[in-house]
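Listed below are the residues making up each chain.
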2 protein chains.
Amino acid sequence: MAQPRWLNDDEVSAWIALSGLMFRLPAALDAQLLRDNNLTFFDYMVLSMLSMKPGRTARLSDLAAAVYGSLSRLSNVVKRLEQRGVLRREPDPENARYTQAVLTDAGWDLVVRAAPGHVEAVRHYVIDGLDSQQIDVLRQVACHVARKVEEQPPTCPEAGC
Amino acid sequence: MAQPRWLNDDEVSAWIALSGLMFRLPAALDAQLLRDNNLTFFDYMVLSMLSMKPGRTARLSDLAAAVYGSLSRLSNVVKRLEQRGVLRREPDPENARYTQAVLTDAGWDLVVRAAPGHVEAVRHYVIDGLDSQQIDVLRQVACHVARKVEEQPPTCPEAGC
DNA sequence: AGGGTTAGCTTCAAGCTTGAACCACTGGGA
DNA sequence: TCCCAGTGGTTCAAGCTTGAAGCTAACCCT
């Protein structure tokens with residue numbers, strides 16, 4: 001391997017700070033949701049994504065992609081959420097190979113109940129205290145990383161990049 | 001609960017992008033280190049922290065704090081790393097209540113061998129492609145979040161905040 | 001129509017993390 | 001000196017994630 005291109009001081013600072021964020025922010029978000037609604041951040045993302053789909057319905061593989069989880073993980077999570085009564089599985093009537101997840105009324109209520117506290121946590125930990133220029137750069141940086149992680153630059157439409 | 005303060009469009013974009021980063025960047029870093037050195041990102045952080053301590057030695061609880069992990073998790077990881085011969089545990093000679101982790105020569109070699117590829121991955125996924133202003137804002141934002149997560153603002157010296 | 005291939009989803013074993021319980025050592029006070 | 005509270009570290013059961021293997025349904029090709 002050629003001489004490694006080490007990071008300079010500014011880059012190291014930024015990287016250390018970012019890795020601290022990666023270690024701790026998910027735990028902090030999990031803690032709030034678990035305490036208040038007995039949901040992990042991943043659970044919440046699943047239900048939240050589902051609540052935004054037309055008919056509150058989505059195919060499992062679409063859902064897995066939307067929350068960046070493996071199908072195996074999603075299958076387990078959906079099983080637990082189904083046992084809890086917040087969603088149900090049913091085969092796609094048009095193609096029995098697909099399975100749809102459908103948010104139940106109880107699931108909708110849960111999302112409605114959980115959202116304010118979660119948003120408040122996101123504000124508290126991240127958004128509040130940043131000015132609009134910092135928020136803009138944050139989006140740029142995160143989109144840049146997203147593009148790199150999936151090597152073929154596929155855009156993330158919800159984030160506008 | 002009072003009317004929730006929802007996020008505006010820019011804030012939502014930034015938040016979606018950031019949560020994508022949190023889900024996927026750790027997996028990408030793990031993948032590179034596992035493939036090339038059979039280490040998780042967490043393992044690497046432990047060894048790397050240890051390699052920077054005077055005498056390549058640290059108390060387990062200090063190490064746990066440095067990598068933002070629970071003592072229980074660190075205990076398991078250190079046990080595995082010890083079985084692998086890259087570090088050893090020994091009681092603190094000055095106070096047998098403490099346990100020190102000491103990086104072995106094999107461990108030092110492993111860090112030296114793993115570092116270039118890891119830095120290259122960090123460059124590839126994050127640093128390269130950002131200009132110095134973006135890097136600066138990234139550090140500011142990550143430090144802001146760090147400060148919020150541990151409510152008493154305790155500073156993270158390595159990141160200069 | 002029928003056999004083979006592929007895609008979607010589930011299941012299973014293996015490994016990891018968590019939190020509680022537990023053990024060991026120290027330091028302080030009666 | 002002896003006990004006791006507190007701290008550092010380990011262990012254990014429970015739960016979660018992963019990746020491989022398995023199952024089923026649909027598509028394709030002849």
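Below, the structure is looked at part by part. (Residues numbered from 1 in each chain as written. Chains lettered and ligands numbered in written order. Predicted model: local features only at pLDDT ≥ 70, side-chain atom pairs only at ≥ 80, totals over all residues. Heavy atoms only, no water.)

**Description of the interface of chain A and chain B**
Logical step 1: The interface is formed by 62 residues belonging to chain A together with 62 residues belonging to chain B.
Logical step 2: Interface area for chain A against chain B, summed over the two sides, is near 6,200 Å², with a carbon-plus-sulfur share of 74%.
Logical step 3: The largest contributions to the chain A side of the interface with chain B come from R5, F23 and R24 of chain A, which together make up 12% of the buried area.
Logical step 4: Between the two partners, chain A and chain B, sit 8 salt bridges.
Logical step 5: Between E120 of chain A and R5 of chain B there is a salt bridge, and its shortest N-O distance comes to 3.1 Å.
Logical step 6: Taken together, chain A and chain B are joined by 18 residue pairs in polar contact (both at pLDDT 80 or more).
Logical step 7: Mapped by element, the contributors of at least two residues to the side of chain A that touches chain B are helix 1 (9-37), helix 2 (41-52), helix 5 (105-127) and helix 6 (132-149) of chain A.
Logical step 8: Top contributing element to the side of chain A that touches chain B by residue count: helix 1 of chain A, with 18 residues. (Contact = heavy atoms within 4.5 Å. Buried area = accessible area lost by both parts, 1.4 Å probe. Salt bridge = Lys/Arg side-chain N within 4 Å of Asp/Glu carboxyl O. Polar contact = N/O pair within 3.5 Å; in protein donor to acceptor, adjacent residues only side chain to side chain. Helix = DSSP H or I, 4+ residues; strand = E, 2+ residues; numbered from the N terminus.)

**Observations regarding helix 6 (residues 132-149) of chain B**
Logical step 1: In this model, helix 6 of chain B (18 residues) spans 26 Å end to end at C-alpha, consistent with the 26 Å of a helix rising 1.5 Å per residue.
Logical step 2: Contact partners of the buried residues in helix 6 of chain B: helix 1, helix 5 and helix 6 of chain A together with helix 5 (105-127) of chain B.
Logical step 3: For helix 6 of chain B, the N-terminal capping position is held by D131 of chain B, with its side-chain oxygen 3.1 Å away from the main-chain nitrogen of Q133 of chain B. (Expected span 1.5 Å × (residues − 1).)

**Concerning the packing of helix 2 of chain A against helix 5 of chain A**
Residue and element names in this part refer to chain A.
Logical step 1: Two elements in contact, helix 2 and helix 5, have axes separated by 10 Å at closest approach and are oriented at 120 degrees. With respect to their mutual orientation, helix 2 and helix 5 come out oblique. The handedness of the crossing between helix 2 and helix 5 is left-handed. On helix 5, the residues that touch F41, Y44, L47, S48 and S51 of helix 2 are W108, L110, V111, A114, A115 and H118.
Logical step 2: Within the contact of helix 2 with helix 5, the residues separate by chemical class into 8 nonpolar, 3 polar and no charged. (Axes fitted to C-alpha atoms, helices over the stretch in contact; angles between N-to-C directions. Parallel < 35°, antiparallel > 145°, perpendicular 65-115°, else oblique. Left-handed = near helix turned anticlockwise from the far one by under 90°. Nonpolar A, V, L, I, M, F, W, Y, C, P; charged D, E, K, R; others polar.)

**Regarding the protein's contact with DNA strand D**
Logical step 1: Near DNA strand D, the surroundings consist of 18 residues, among which R73 and N95 of chain A together with S61, R89 and T99 of chain B are the closest.
Logical step 2: The protein-proximal atoms of DNA strand D, defined as those within 4 Å of the protein, are 72% sugar or phosphate.
Logical step 3: In this structure, a phosphate oxygen belonging to DNA strand D sits 3.0 Å away from a main-chain N or O atom of A96 of chain A.
Logical step 4: One nitrogen or oxygen atom from the main chain of T99 of chain B is found 2.8 Å from a phosphate oxygen belonging to DNA strand D.
Logical step 5: Of all the secondary-structure elements, those providing two or more residues to the surface near DNA strand D are helix 4 (71-83) of chain A together with helix 3 (60-66) and helix 4 (71-83) of chain B.
Logical step 6: Across the surface near DNA strand D, the residue classes break down as 4 nonpolar, 8 polar and 6 charged. (Near = heavy atom within 4 Å.)

**Focus on the sheet that holds strand 2 (residues 87-91) of chain A**
Residue and element names in this part refer to chain A.
Logical step 1: With respect to topology, 3 strands assemble into an open sheet ordered 1-3-2, the strand pairing being antiparallel. Two strands in the sheet have a free side with no partner beyond their single neighbour: strand 1 (57-59) and strand 2. Here the average twist between neighbouring strands, direction ignored, is 30 degrees.
Logical step 2: Where strand 2 lies against strand 3 (residues 99-103), 5 bridges are found, and the strand directions are antiparallel. (Pairing = 2+ DSSP bridges.)

**Overview of the packing of helix 2 of chain A against helix 1 (residues 9-37) of chain B**
Logical step 1: The interhelical angle for the contact between helix 2 of chain A and helix 1 of chain B, taken along N-to-C directions, is 130 degrees, at an axis separation of 13 Å. Relative to helix 1 of chain B, the element helix 2 of chain A lies oblique. Between helix 2 of chain A and helix 1 of chain B the crossing geometry is left-handed. Counting all contacts with helix 2 of chain A, which are made through F41, F42 and M45 of chain A, the residues of helix 1 of chain B involved are W15, S19, M22 and F23 of chain B.

**A short note on the protein's contact with DNA strand C**
Logical step 1: Lining the immediate environment of DNA strand C, one finds 19 residues, of which S61, S75, R89 and T99 of chain A together with R73 of chain B sit closest.
Logical step 2: Counting only the atoms of DNA strand C that lie within 4 Å of the protein, the sugar and phosphate share comes to 72%.
Logical step 3: Between a phosphate oxygen of DNA strand C and a side-chain N or O atom of R89 of chain A, the distance comes to 2.6 Å.
Logical step 4: Between a base oxygen of DNA strand C and a side-chain N or O atom of S72 of chain B, the distance comes to 3.0 Å.

**Observations concerning the environment of G55 of chain A**
Logical step 1: Turning to its location among the elements, G55 of chain A is positioned in the loop between helix 2 and strand 1.
Logical step 2: Considered as a pair, G55 of chain A and H118 of chain A are 63 residues apart in the sequence and their alpha carbons are 23 Å apart.

**A look at the side chain of S51 of chain B**
All names here are of chain B.
Logical step 1: Summarising the element assignment, S51 is placed in helix 2 (residues 41-52).
Logical step 2: At 2.7 Å, the side chain of S51 forms a polar contact with the backbone oxygen of S48.
Logical step 3: If we skip the residues at most four places from it in the chain, S51 touches R56, L103, W108 and V111.

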